[in-house]
Protein chains: 4
Amino acid sequence: MTHSIAILGASGYTGAELVRLIATHPHMRIAALTGDRKAGMAMGDVFPFLRHLDLPVLTRIEEVDFSGIDLAFCALPHATSQAVIAALPRDQKVVDLSADFRLRDPAEYEKWYGKPHSAPDLQAEAVYGLTEFYRDEIRTARLVAGTGCNAAAGQYALRPLIAAGVIDLDEIIIDLKAGVSGAGRSLKENLLHAELSGGTHPYSAGGTHRHLGEFDQEFSLIAGRPVRVQFTPHLMPFNRGILVTVYVRGTPEEVHATLATAYADEPFLHVLPLGGLPSTRAVGGSNFVHVGVTGDRIAGRAVVMVALDNLTKGSSGQAMQNANLMLGLDETTGLMGAPVFP
Amino acid sequence: MTHSIAILGASGYTGAELVRLIATHPHMRIAALTGDRKAGMAMGDVFPFLRHLDLPVLTRIEEVDFSGIDLAFCALPHATSQAVIAALPRDQKVVDLSADFRLRDPAEYEKWYGKPHSAPDLQAEAVYGLTEFYRDEIRTARLVAGTGCNAAAGQYALRPLIAAGVIDLDEIIIDLKAGVSGAGRSLKENLLHAELSGGTHPYSAGGTHRHLGEFDQEFSLIAGRPVRVQFTPHLMPFNRGILVTVYVRGTPEEVHATLATAYADEPFLHVLPLGGLPSTRAVGGSNFVHVGVTGDRIAGRAVVMVALDNLTKGSSGQAMQNANLMLGLDETTGLMGAPVFP
Amino acid sequence: MTHSIAILGASGYTGAELVRLIATHPHMRIAALTGDRKAGMAMGDVFPFLRHLDLPVLTRIEEVDFSGIDLAFCALPHATSQAVIAALPRDQKVVDLSADFRLRDPAEYEKWYGKPHSAPDLQAEAVYGLTEFYRDEIRTARLVAGTGCNAAAGQYALRPLIAAGVIDLDEIIIDLKAGVSGAGRSLKENLLHAELSGGTHPYSAGGTHRHLGEFDQEFSLIAGRPVRVQFTPHLMPFNRGILVTVYVRGTPEEVHATLATAYADEPFLHVLPLGGLPSTRAVGGSNFVHVGVTGDRIAGRAVVMVALDNLTKGSSGQAMQNANLMLGLDETTGLMGAPVFP
Amino acid sequence: MTHSIAILGASGYTGAELVRLIATHPHMRIAALTGDRKAGMAMGDVFPFLRHLDLPVLTRIEEVDFSGIDLAFCALPHATSQAVIAALPRDQKVVDLSADFRLRDPAEYEKWYGKPHSAPDLQAEAVYGLTEFYRDEIRTARLVAGTGCNAAAGQYALRPLIAAGVIDLDEIIIDLKAGVSGAGRSLKENLLHAELSGGTHPYSAGGTHRHLGEFDQEFSLIAGRPVRVQFTPHLMPFNRGILVTVYVRGTPEEVHATLATAYADEPFLHVLPLGGLPSTRAVGGSNFVHVGVTGDRIAGRAVVMVALDNLTKGSSGQAMQNANLMLGLDETTGLMGAPVFP
């Protein structure tokens, strides 16, 4: 069986990544692609790497007939996304890749995103899309909220540890190294090759990055009490990939065993042997996640590292995994492609 | 039906790329991986990006039982390759990725590779592996010789033009820009990140690059008289991709039409509209090839550009395409993955 | 003696490069920096790499008191530049880095830049700034026009050869590989790291690049008859550097000897031994130029390669060299810094 | 006055960086260059970026006549360095760039470098070369030990804070991002462009990196009690630059004020306004250091970031600064070149 798919906001990187994944997906067919500013253009002109595909022309959202759409991916900017999704048929299955439905608490949304949420009912309905931890809810959800890519990486490092109570909840530091595609295709000076390449650029330091809202929500929920982590992201001169280096207090062996057990049956998560160090290059272009744990010469400290591809597992691959579940497919369908190296 | 595959020389980039392609190939299964210096190692330790796969441990070639192998890819260095293949069962289907069987004339081989060929009978038997032009012979071949990656790029630009007689055979200049993975995983100073990144490095200029042997052989064969092109390769600071900028004398419209017609039914070759400029980024990680033709303000001159991924279409993807044919499969099987961008 | 310098348009890369060069220049002092959109900002905020310097705040041009300015560098966009320079005191020494005064013929300017020149008298007055070939005129000039960076690279390869009559004037092909800083700090999608890095991107092919106007003017002047070259530029994933690969017809030895003789006494130009291949990495961050000549297996053909840093020797370093001459200083003053490698 | 300089081990990156710096140094002249494996070669062939300089041919150390050498830079590998320096005349001024004389305690040396020190008397004599903190001793020293590049970056972040008692000594985490030139010109698989580019690679995690020996020695000395920091280095895909992200417990304002005061008169260290984030690109190719302090949403925590160029301020520039002091010159001589950007 083939499901008809719409991608709303197909002219950005996450939209294009969805098209890439669907291109070899055995049970999906792209029925509509939208991109307001690029409406009327062929996708192969917006993204030459997709020119070999026979794809619908980009249209405006208003032109899409949702009656034949089995599932819509919404890859629009936050704030826009909530308005668009609110206007869709109420039985339309949707996987949203924006930040609009990640936070359940309207006050938290307003705090991190600077204005009130316009669709709090949908916010309440949405299921948080970190597949490995919300699999059952996602299977039956109508609206799934894709996680932040940084938020996904940090949670893969920490959720099982917080749940198992093997680390000190008040001593968690996440130092993140992120590739530039996470910032999208937007025209900003700091994203120019001449500015970004060849160096390391910290940003949104000091507890100001919006993905902290997700960490706060999820970690506190698991712990049953407020958890506040420290988080410092750095923009790196590569296109794909996130590595988080997470500093925790706990026994390295216990930390490692907890993660190894938690992810033992996960198709996409691989925990390296204790002391193994993951790297972003080993997961680039794929939905796989590598997790490493190493001890320190200071007893009782451990470092957890997680590497994933921000556009695949951190965003569009995760969305596809969730869509598979929502459509009753095996969640790995179309996602087992190996990373591209070198 | 699933075919059992051996990869001889799996510890280099082309070997690893074959593993990547087979990972999602519906009709192939890796039965043996060899790598003399890394024998005994797990493939996931040699190439961490493959750690999610359940693969045989690397062995020495002598340990492989070829009786159950339907097809062997040989990704060994030239000179080694001819000795290894000569020792295989004479009915073993083989796709060789080295330079050993590209040139039919033993004298030419010795001229370009510096020593006599030790298996001239196999050299005579081998079919040149540029799929689009040797498809029928490949289908029934036992031994197929993968082309040079640069040689593939240049031939996609020129073969139909030479065959059609629409360009001046004495006025062909190929200026090539190549990513570094084509040089393999060898430890050479000029391949270090600190040396190579951030710049442009010409090499093997002046008619000394070995892939000229393939150009000479193939172009002369097509033309029915000796053809000698000028060829200047440049090493570029990226990992995958080749762009050839080919300067020819001919009518741009005629050049374009000739290529567009020649490749109209090819599943992997896409000719851009006249004036379109291909780029390596639009084909990276895939088996697709983009071909562009542009005129010049000087009448009677045209520039043909071809972009492909040296590791996929230029090497392992081509090998897979040929293997599909040799095994009676659709040649595109397992090769329709879209490029990875950004 | 210290000369007071103004930099008009200091918020772009060429302006910042001028500041970098003046920072250690023993006889220059920056008296004024302008940048209309960034007026009021500290230079160290616009370019953090300059924060250690004690510099004037950016102002609007109207605020500059030119009475105390010994020489003004004008690093504004073309079209803007001609208006600004026309409004300066008529005895103000100016080195312009834009395209506005490179072409002597108003018709040629209009042809390549799309609108009529508004200051044809200044266009007639301006001296073309390729120092090695216009040294005497520059010394006494009031207004010097910096060359295009690509145009400089091509001319270093070809001027002596055309002058000496050792190559065929109708068979010249310039294949150019250029770093991205030549495109400036402008917000364009194709200049984003995510788009540009990791690949090769041809642009302005087919005889449409504006620097052809300079080639036409200069080469025809030297030859005493029209000369039209073929020119294909490629944008490369690095920030600084241009390599031109120039295909000519002539004896390699004669071509090499002609260039070696022409540049024997030049402080910044170095001709490699015959067969030597230059690379952009070996000149990055400096005013030096490396020139290589290699023969081909086809008799009577040679390839000339020139590597330079587009921002230094191709633009701001050249401007400084000319300014030195105009102020009666040794032309190498402040420019002998070695390239930065790795 | 011009001082005659020898560079022992000039065929590596730090040696070449010294040549670069001396090229425009007004009071130094290179009298000898050694490189055992490259003895007999011209420096311009080993490092084409230096070909414009008139330099001595590389020789073996035994061939150097030290009687005329005012100061020798020793840029040899550790272990080799101690043997070479022990054999030099005992009044020869030496700046060593290796690890051999950084640690004062022979037991610590053996612990971190795996074998006993062969010249413990020299180890005792050597002055630790972090200029800003050992200036007076360096001025009169005969033998100065250059610091580790990572060790320099971490100490610039922490020394004043430890000395002032404004941070918790048991809660210091250094997360380091380092460019690849710090690993030298050695042929290692992980340093190949194809392996390293485009990703983030942690290494020597868990308290195993040798520069921890320097942190332990220096921080404990300042604090008057043992201090053990946590340190995780990551190899990054760029050639020059180190950024340390240092997590401390203390009031951000106090941390910032302490650093700002400590470095107020330092010619090369610049403390950004509170909340300012440094980047490696803003110091590349220079001896300058940018220091930033930012608070966190969690009260009592601060992040200190330091960016420097590992080859200049982290190694050869530091060595030059120390050599200037040892020769009675102003310590900034030849080191005020601005960073190269973009």
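The rules behind these values
Residues numbered from 1 in each chain as written. Chains lettered and ligands numbered in written order. Predicted model: local features only at pLDDT ≥ 70, side-chain atom pairs only at ≥ 80, totals over all residues. Heavy atoms only, no water. Salt bridge = Lys/Arg side-chain N within 4 Å of Asp/Glu carboxyl O. Helix = DSSP H or I, 4+ residues; strand = E, 2+ residues; numbered from the N terminus. Buried < 20%, exposed > 50% of the residue type's maximum accessible area, 1.4 Å probe, protein only. Least-squares fit on C-alpha atoms with pLDDT ≥ 70 in both. Contact = heavy atoms within 4.5 Å. Pairing = 2+ DSSP bridges. Axes fitted to C-alpha atoms, helices over the stretch in contact; angles between N-to-C directions. Phe/Tyr/Trp six-rings, centres within 6.5 Å; stacked < 30°, edge-to-face > 60°. Lys NZ or Arg CZ within 6 Å of the ring centre and 35° of its normal. UniProt positions renumbered as here; feature names shortened; annotations may be inferred. Buried area = accessible area lost by both parts, 1.4 Å probe. Polar contact = N/O pair within 3.5 Å; in protein donor to acceptor, adjacent residues only side chain to side chain.

Enquirer: How should the pattern of salt bridges be read in this particular structure?
Expert: When charged atoms on two side chains of opposite charge get close, those side chains can pair. A full pass over the atoms with the stated rule returns 99 salt bridges over all chains. Notably, a salt bridge pairs B:E62 with B:R60, separated by 3.2 Å at the nearest N-O pair. Of the charged contacts in the structure, one is a salt bridge between C:R228 and C:D216, with a shortest N-O distance of 3.7 Å. Of the two residues, C:R228 is situated in the loop between α9 (211–223) and β10 (230–235) and C:D216 in helix α9; the sequence distance between them amounts to 12 residues. Residue classification places C:D216 among the buried positions, given a relative accessible area of 4%.

Enquirer: Just checking my understanding: could you explain the relation of the copies chain C and chain A for this structure?
Expert: Two copies of one chain are present, and they are related through a rotation about an axis combined with an axial shift. Superposition of chain C onto chain A requires a rotation of 180 degrees combined with a translation of 0.0 Å along the rotation axis, giving an RMSD of 0.0 Å. In short, the pair behaves as if placed about a two-fold rotation axis. With an isologous cut-off of 70% or more, the 100% of interface residues of chain C that recur at the interface of chain A puts this contact in the isologous class.

Enquirer: Whenever I open this one, the relation of the copies chain D and chain A confuses me. Can you help?
Expert: Between chain D and chain A, the superposition needs a rotation of 180 degrees and an axial shift of 0.0 Å, giving an RMSD of 0.0 Å. A share of 100% of the interface residues of chain D reappears at the interface of chain A, consistent with the copies meeting face to face through the same patch.

Enquirer: For this particular structure, what's the right way to read the sheet that holds strand β8 (residues 173–178) of chain B?
Expert: Backbone-to-backbone hydrogen bonds pair the strands of a sheet. The strands run either parallel or antiparallel. Residues and elements named next belong to chain B. In space, the 7 strands of this open sheet follow the order β9-β10-β8-β11-β14-β13-β12, with mixed pairing throughout. The open sheet has two edge strands, β9 (201–202) and β12 (269–271), and neither has a second partner. The pairing of strand β11 (residues 242–249) with strand β14 (residues 301–308) spans 8 bridges and is classified as antiparallel. Bridge pairing in β14 links R249 to R301. Along the sheet, helix α10 (residues 252–262) contacts β11, β12, β13 (289–295) and β14; its crossing angle with β13, the most-contacted strand, is approximately 165 degrees.

Enquirer: Can you walk me through the packing of aromatic side chains in this structure?
Expert: Each pair of aromatic rings is reported with the distance of its centres and the angle of its planes. The tally for this structure, following the rule as stated, stands at 48 aromatic pairs over all chains. Between C:Y128 and C:Y134 the ring centres are 5.7 Å apart and the planes differ by 75 degrees, which places this aromatic pair in the edge-to-face class. Overall, C:Y128 belongs to the buried group, its relative accessible area being 1%. Seen from their ring centres, D:Y109 and D:Y113 are 5.0 Å apart, and the 20 degrees between their planes marks the pair as stacked. Of the two residues, D:Y109 and D:Y113 both sit in helix α4 (residues 106–113), 4 residues apart, roughly one turn of that helix. Relative accessible area serves as the criterion here: at 1%, D:Y109 is assigned to the buried category. Among the aromatic residues, ring-to-ring pairing joins A:Y13, A:F47, A:F49 and B:F341 into one connected group. Against the face of B:F133 rests B:R159, its NZ or CZ located 4.7 Å from the ring centre.

Enquirer: So what exactly am I meant to see when it comes to the UniProt feature "domain: Semialdehyde dehydrogenase NAD-binding" (unreviewed entry) in chain A here?
Expert: The UniProt record marks residues 4–141 of chain A with the feature "domain: Semialdehyde dehydrogenase NAD-binding" (unreviewed entry), using the residue numbering of this structure. This span, residues 4–141 of chain A, is 33% helix and 17% strand, and a straight line between its end C-alpha atoms measures 18 Å.

Enquirer: Looking at this structure, how should I read the interface of chain C and chain A?
Expert: When the parts of a complex come together, some accessible area is lost, and that lost area is often used as the size of the interface. Taken residue by residue, the interface counts 18 residues in chain C and 18 residues in chain A. For the pair chain C and chain A, the two sides together bury roughly 1,600 Å², of which 53% comes from carbon and sulfur. In terms of surface lost to chain A, no three residues of chain C exceed C:L187, C:L192 and C:H193, which account for 39% of the buried area on that side. Between the two partners, chain C and chain A, sit 6 salt bridges. In this structure, the salt-bridge partner of A:E189 is C:R185, at a minimum N-O distance of 3.3 Å. Scanning the region where chain C abuts chain A turns up 12 residue pairs in polar contact (both at pLDDT 80 or more). Element by element, the count of residues in the side of chain C that touches chain A is highest for helix α8 (residues 193–196) of chain C, at 4 residues.

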